[in-house]
Every structure is written in C-alpha cells, then in structure tokens.
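# A look at the structure
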Amino acid sequence: MANKQKKKRSKRYQGVDAKVQTPQIMRVSAEERSWFKEWWLRYGQLAKVVAGIVGVVLVVIILVIGIVGMFQR
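This is a predicted model, so every value here is computed, not measured.

## As for the packing of aromatic side chains
- If you walk through the whole model with that rule in mind, you get five aromatic pairs.
- Ring centres 6.1 Å apart and planes at 85° place the aromatic pair Trp35 and Phe36 in the edge-to-face group.
- Take Trp35: its relative accessible area is 69%, and that puts it in the exposed class.
- You can call Phe36 partly exposed: its relative accessible area is 45%.
- An aromatic cluster of at least three residues, connected via ring pairs, comprises Trp35, Phe36, Trp39, Trp40 and Tyr43.

Thresholds, definitions, all that
- Counting starts from 1 at the beginning of each chain's written sequence and moves along it residue by residue.
- Side-chain atom pairs in this predicted model are given and counted only at pLDDT of 80 or more, local residue features only at pLDDT of at least 70, and totals for whole chains, interfaces and linings cover all residues.
- Side-chain metrics in this entry use all non-hydrogen atoms of the structure; hydrogen atoms and water are not considered.
- Side-chain rings of Phe, Tyr and Trp, where Trp is taken by its six-membered ring, are said to pair if the distance between their centres is within 6.5 Å; with planes under 30 degrees apart they count as stacked, over 60 as edge-to-face, and otherwise as tilted.
- For the exposure calls, accessible area comes from a 1.4 Å probe over protein chains only, and a residue counts as buried if that area is under 20% of its type's maximum, exposed if over 50%, partly exposed in between.

Right, here's the structure in full:
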C-alpha cells in the first residue's frame, strides 16, 4: 500500500512568539520633473486660490466700471 500524503498546514501560527504582522512591501517610483511641475506640485493649491481671488476682483472692477459708465453722460 502507498503511504498516505500528510496534509499541509494552512492555518497561521498564533503562538506567543509568532510574528505580530507580516512585513509590508513599499514600492517607490521616481519621476523626472521639470521646474514648473515641481513648483506646481508644491504651490498649485495656493496658486489656484490666488487665481480665484484675482478673477473675482477683476469681475467686480469690470462691473463697477460698467455701472459708472452707464450713469455718466
């Protein structure tokens, strides 16, 4: 008779000296960036806010000039 194969263990060991957690793999990739791309990544959010404020101020100035021009002869 052939020997019966031993069943492989599929349950993790949970004893006192077991590993707390499996090691994590961190994959990192490098990217060649231009000076503008680097600047945009650093200050892009601030630039968007400033551009929005400048846009609103320009619209208000144009509206005021238009209203004043309507009342002048």
